[in-house]
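Per-entry structural report
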Amino acid sequence: MKDSRRELADLDQEIKALVKRRAVIVEKALSSTDKVLMPRDIALLTSHETLVLEGKRYAIPPGGGLGIHVDCGRIPRVAYLGPPKTYSHRAALELFQGVVDGQPQPTMREALLQVERGKCDFAVLPAQNSVDGIIDAVIDLLIENHSTHVERLSVIGEYYLRVQHCLLALSSDLSNIREIASRDTALRQCHSWLDRNCRDASRRPVESTALAASLALQDSTVAAVGDSTLAEFGLQILAQDIGDLRQNITQFFLIGREICTPTGNDRTFFAVRAPRA
């Protein structure tokens, strides 16, 4: 295990060095332009259009019109509601197209605190879901931040993730499943499918889809509902896209300390707290 960790650490350093080297080359090639750079405008960038030109604005996701500054020689540190392999983790990865130093946090509050304290560059948090509606907690935290903190945070971008729930387990036989674990929202969003196909299995709400996967790894009669990436833990996908509604989309906020210059393709988010009568 120690040898593997050492090899991984060395590989991480090589990757970071290559990312930095590539960013310097791109910056040199485009140093003559003063336009606002969008990834789709830069022919030198590949599909992983997440390298940043120092001192110039760029957009993530491509075409999203989001203008932020990031040090081109450093991979952004992004806090998200963990643990890894959750939908929040996937949103962070897709938003930055894989070039990200993800920092899983136990709560939304802790994710924002990491940005306030400068330990992370950004936070990616769920804001609302097309099935369950607005996630009040993140709105309340942003209002609290603006009313009580000097280091004010802003919503500087958004990302829409299509949620496709899967059923995963160690066993490949659905008839062996006696319990299904997941977040309460995920279980609720797959209610009809589970009633039709897993009628005799009990439901167990847990804190995260990743925790549900860990329970399934310990017991072959337990299945987890979550993202297909949970299969990377060693589980088998018994069924895909089992949600009751096909258009299940979660909006995530990208939250940071800086205030972006208008890009011409912006939205304004504001929250109001009414005075008590």
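Everything numeric in this text was worked out from a predicted model, so none of it was measured.

Parameters at a glance
- Residues numbered from 1 in each chain as written.
- Predicted model: local features only at pLDDT ≥ 70, side-chain atom pairs only at ≥ 80, totals over all residues.
- Heavy atoms only, no water.
- Helix = DSSP H or I, 4+ residues; strand = E, 2+ residues; numbered from the N terminus.
- Areas by Shrake-Rupley, 256 points an atom, 1.4 Å probe, with all protein chains shown as cover.
- Salt bridge = Lys/Arg side-chain N within 4 Å of Asp/Glu carboxyl O.
- Buried < 20%, exposed > 50% of the residue type's maximum accessible area, 1.4 Å probe, protein only.
- Patch = residues over 30% accessible without salt bridge, like charges linked within 9 Å, V, L, I, M, F, W, Y side chains within 5 Å.
- Polar contact = N/O pair within 3.5 Å; in protein donor to acceptor, adjacent residues only side chain to side chain.
- Contact = heavy atoms within 4.5 Å.
- 1 Å grid on protein atoms, 1.4 Å probe; cavity = no way out; pocket = protein on both sides within 12 Å on 5 of 7 lines; lining within 4 Å.
- Points joined across faces, edges and corners; volume = space filled by probe spheres on them.
- Nonpolar A, V, L, I, M, F, W, Y, C, P; charged D, E, K, R; others polar.
- Core = buried A, V, L, I, M, F, W, Y, C linked by side-chain atoms within 4.5 Å.
- pLDDT = per-residue confidence, 0-100.
- Phe/Tyr/Trp six-rings, centres within 6.5 Å; stacked < 30°, edge-to-face > 60°.

1. Overview of the overall build of the protein chain
- When helices and strands are tallied, the protein chain shows seven helices and 11 strands.
- Carbon and sulfur atoms make up 51% of the accessible area of the protein chain, which totals about 15200 Å².

2. Focus on the pattern of salt bridges
- All chains considered together, the criterion is met by 11 salt bridges.
- Arg109 is the salt-bridge partner of Glu144, the closest N and O atoms lying 2.7 Å from each other. Here Arg109 lies in helix α3 (residues 108-116) and Glu144 lies in helix α4 (residues 136-148), a separation of 35 residues in the sequence.
- A relative accessible area of 41% means that Arg109 is categorised as partly exposed.
- Note that Arg117 and Glu110 form a salt bridge whose closest N and O atoms lie 3.9 Å from each other.
- By relative accessible area, Glu110 is classed as partly exposed at 23%.
- Connected via shared salt-bridge partners are Arg90, Glu94 and Asp227.

3. Quick look at a nonpolar patch on the surface
- Taken together, Leu8, Leu11 and Ile15 make up a surface patch of nonpolar side chains, about 270 Å² in accessible area.
- Mapping Leu8 onto the fold places it in helix α1 (residues 2-29).

4. Digging into the side chain of Ser182
- In this fold, Ser182 is placed in strand β7 (residues 179-182).
- In terms of polar contacts, Ser182 uses its side chain to reach the backbone carbonyl oxygen of Val225, at 2.6 Å.
- If sequence neighbours within four positions are ignored, Ser182 has contacts with Leu187, Arg204, Pro205, Val206, Thr209, Ala212 and Val225.

5. Quick notes on the layout of surface pockets
- Roughly 620 Å³ of volume is contained in the second largest pocket.
- Taken together, 26 residues line the second largest pocket, and the ones lying closest to its centre are Leu81, Ser88, Pro126, Arg183 and Thr185.
- Elements supplying a minimum of two residues to the lining of the second largest pocket: α2 (87-95), β3 (122-129), β4 (133-134), α5 (184-189) and β11 (249-256).
- Per element, the largest residue contribution to the lining of the second largest pocket is three residues, and it comes from α5.
- The residue inventory of the lining of the second largest pocket, partitioned by class, reads 11 nonpolar, 12 polar and three charged.

6. Let's talk about α3
- Counting buried residues in α3 gives seven out of nine residues, a clear majority hidden from the surface.
- When α3 is considered as a whole, its buried residues turn out to be Met108, Ala111, Leu112, Leu113, Gln114, Val115 and Glu116.
- Contacts made by the buried residues of α3 are with β1 (77-81), β2 (101-105), β3, α4 and β11.
- Gly118 sits one or two residues past α3 and shows a positive phi near 80°.

7. Side note on the nonpolar core
- Met108, Leu112, Ala123, Leu125, Val138, Phe253 and Ile255 are the most contacted members of the largest nonpolar core, which totals 18 residues.
- Sorting elements by how many residues they give to this core places α4 first, with five residues.

8. What about the confidence of the model for the protein chain?
- Mean pLDDT over the protein chain stands at 78; residues scoring 70 or higher make up 76%.
- Taken together, the stretch residues 32-65 has pLDDT below 50 and engages in 78 contacts with residues farther than four places along the chain or on a different chain.

9. Quick look at the packing of aromatic side chains
- This structure, assessed with the given rule, holds one aromatic pair.
- Relative to Phe122, the ring of Phe96 lies with its centre 5.7 Å away and its plane at 35°, an arrangement referred to as tilted. Linking Phe96 in the loop between α2 and β2 with Phe122 in strand β3, this pair joins segments that are 26 residues apart in sequence.
- Residue classification places Phe96 among the buried positions, given a relative accessible area of 1%.
- The class of Phe122 is buried, set by a relative accessible area of 3%.

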